[in-house]
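# Structure at a glance
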Amino acid sequence: IMNNIPSVNIDQQTGQLSLRGNSNVRVMIDGKLSNVPVAQLLRQIPSTSIKSIELITNPSAKYVPDGMGGIINIILHKNSNIGFNGSLNTGLTVGQEAKFNSSIDLNYRYGKFNFYGNFGNNIGKYVNKGFIYRIDENSEQLFNWLDNRKSNLYKIGVDFYLNDKNTISFFTNQNYFDGKSSGETMVTYFDDPMLNTNQTFNNDNANLSQQYNFDYKIEFEKEGHNIELEVDYNRFTDEENAEFKSTGNTLFPDYQDFVDTRRDQTIVNLDYINPLDSISKLEAGIEVRQFETNVDYSSTGLTFQPDGTLIPTPDTDFVYGMDIYAAYANFGQNYAKWGYQLGLRVEDAEVKADTNQLRAFTDKYTELYPSGYVTYSPSEKNMFQASFSRRVDRPGLTQVNPIREWSTPLLSSFGNPTLVPQFTNSYELNYTRRLKNGSITSGVFFRSIKDEINRAVYID
């Protein structure tokens, strides 16, 4: 489904999603963020469970400003018909290796209660191959990887309709992932075969993501006038055991790496919507977001010292935390042919990074995120829209984690704990022409980025 949406692309090997060619995009399920990695999450959701997909390229101040590319909101079916109903789906994809998925969705509505639940699983093998050629030393690195992944996603929820104006909802998501990877890196020096090296790699990776969500919504007498409180807690744990074996010209003996990751995320927001009159609407809210990630690393391997000697690789304990306090307001009006909305979000953020119980980095900043749009519809078949928003990309864990992300005999990937956010001003102009069967939209957008985050390559 994603690959059939204009301007949305998915890398078939990595599962990375991009919007308008930019991978800095936030993915939400029913308007809520999840701790489950996006690539893993998309494989878990069967297409038959999707009701619609919203592309929000210039989100208003109501939404968190993270993600330069905007927001993709996947809305799932939530059947609340009276009585019991359900569906069962299964699928098989056969390429170089087979991939299997299935899901079951159940719903029971009785009186003031609506109970729902679903289960989905995904089993598949993924093959990746690649090479790096270095002209300066006439060498080549060949990579062969095989990933065997199994994941199961459970969701259970209940809606309690106290009366026509008050609704309490609760749901929990539990995602279990088990992955096994194996691979080989072959390094060939065409001018000096004595330097050739081969390394085999085996990795066991298992994680559990737990989400608990509580929501209380009050509808007032005026239609569209409501207030909503949401509390969302996520916990993510991951265990990775990797084994490296080398043959040929190598200074390093066989070794093992052990990486344990724990991440906690709490979000509390209060949203208020008031249609002031027939043409005006006010939105306002406050939000608290707290994140903390702890990564423990140990290894049986060796590390080079500056003087060229080898010592046992030291253990590393990395803690990265972020607290964000925010408030926003939007005001909009719609006239006969014109419509507009102006909004402002203010956020106070504090970031702390500790390595081995020593403060490595602290960053504290308060930022304003304005947004707005104007629409003009000269007729039923034509509509023009101009929009603006300011957004932020805060460094992700893999970008700040000083513990290796992956390693081969000649390449290693590390994060930078002192990375600061990048800010983006996004401008957009669109024209939509409605046809008898469908519509055509054309547009142009421009982004100005400050403190852009990039990957750098250093030769040791």
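Please read all numbers here as calculations on a predicted model, not as lab measurements.

Let us now look at the overall build of the chain. Check the secondary structure of the chain and you find two helices and 24 strands. Expected size for 460 residues packed as a compact globule is a radius of gyration near 23 Å; at 25 Å, the chain falls within 12% of this value. With the C-alpha coordinates of the chain rotated into their principal frame, the extents come out at 80 × 50 × 50 Å. Across the chain, contacts joining residues at least 24 apart in sequence account for 63% of those joining residues at least 6 apart. Accessible area for the chain stands at about 25000 Å²; split by element, carbon and sulfur atoms hold 55% of it.

Attention now moves to the pattern of salt bridges. Inspection of the entire model under this criterion finds 19 salt bridges. Residue Arg289 is joined to Asp66 by a salt bridge in which the shortest nitrogen-to-oxygen separation is 3.3 Å. Of this pair, Arg289 sits in strand β14 (residues 280-299) while Asp66 sits in the loop between β4 (50-56) and β5 (70-76), and the two are 223 residues apart along the sequence. Looking at Arg289, the relative accessible area reads 2%, which means it is buried. Within this structure, Asp66, Glu287, Arg289, Arg345, Glu347 and Arg394 form a network of salt bridges that share partners.

Now for the side chain of Asn58. Topologically, Asn58 is positioned in the loop between β4 and β5. Polar contacts involving the side chain of Asn58 include one to the side chain of Ser387, which spans 2.9 Å. Of the polar contacts made by the side chain of Asn58, one reaches the side chain of Ser426; its length is 3.0 Å. The residues touching Asn58, leaving out its near neighbours within four places in the chain, are Ser387, Phe388, Ser389, Ser426, Tyr427 and Glu428.

Now for the sheet that holds β4. Spatial strand order, β3-β5-β4: three strands in an open sheet with mixed pairing. Of all the strands in the sheet, the pair left with one neighbour each is β3 (25-29) and β4. For this sheet, the mean angle separating the axes of adjacent strands, direction not counted, is 15°. Relative to β5, β3 runs parallel, the two sharing five bridges. From the neighbouring strand, Val25 faces β5, where its bridge partner is Gly70.

Bringing the nonpolar core into the picture now. Nonpolar side chains tend to gather and get buried jointly when the protein is soluble and globular. Grouped together as the largest cluster of nonpolar side chains are 19 residues, with contacts concentrated most on Phe318 and Tyr320. For this core, the secondary-structure elements that each account for two or more residues are β14, β17 (316-334), β18 (338-355) and β19 (358-379). Top contributing element to this core by residue count: β17, with four residues. If near-sequence neighbours (up to four positions away) are discounted, Tyr320 is found in contact with Phe291, Glu292, Thr293, Val351, Lys352, Ala353, Pro395 and Val400.

A word on the pairing of β17. Side-chain direction in a regular strand flips from residue to residue, so the side chains alternate between the two faces of the sheet. Summarising the sheet, β14 and β17 pair through 18 bridges and their orientation is antiparallel. Counted as the bridge partner of Gln290 is Asp323 from β17. With 17 bridges joining them, β17 and β18 adopt antiparallel strand pairing. Looking at the pairing, Val319 lines up with Asp354 of β18. The antiparallel pairing of β17 with β18 creates a hairpin that spans three residues between the two strands.

Moving on, we get to a nonpolar patch on the surface. Nonpolar side chains collect at one region of the surface, where Phe170, Tyr212, Phe214, Leu229, Val231, Tyr233, Val268, Leu270 and Ile286 lie side by side and expose about 660 Å² of accessible area between them. Of all the secondary-structure elements, those providing two or more residues to the nonpolar patch are β11 (197-219), β12 (226-248) and β13 (255-274). In terms of residue count, the dominant contributor to the nonpolar patch is β12 (three residues). Structurally, Tyr233 can be placed in strand β12. Its relative accessible area of 31% is what places Tyr233 among the partly exposed residues.

Criteria and thresholds
- Residues numbered from 1 in each chain as written.
- Predicted model: local features only at pLDDT ≥ 70, side-chain atom pairs only at ≥ 80, totals over all residues.
- Heavy atoms only, no water.
- Helix = DSSP H or I, 4+ residues; strand = E, 2+ residues; numbered from the N terminus.
- Rg over C-alpha atoms; globule rule 2.2 N^0.38 Å.
- Contact = heavy atoms within 4.5 Å.
- Areas by Shrake-Rupley, 256 points an atom, 1.4 Å probe, with all protein chains shown as cover.
- Salt bridge = Lys/Arg side-chain N within 4 Å of Asp/Glu carboxyl O.
- Buried < 20%, exposed > 50% of the residue type's maximum accessible area, 1.4 Å probe, protein only.
- Polar contact = N/O pair within 3.5 Å; in protein donor to acceptor, adjacent residues only side chain to side chain.
- Pairing = 2+ DSSP bridges.
- Axes fitted to C-alpha atoms, helices over the stretch in contact; angles between N-to-C directions.
- Core = buried A, V, L, I, M, F, W, Y, C linked by side-chain atoms within 4.5 Å.
- Patch = residues over 30% accessible without salt bridge, like charges linked within 9 Å, V, L, I, M, F, W, Y side chains within 5 Å.

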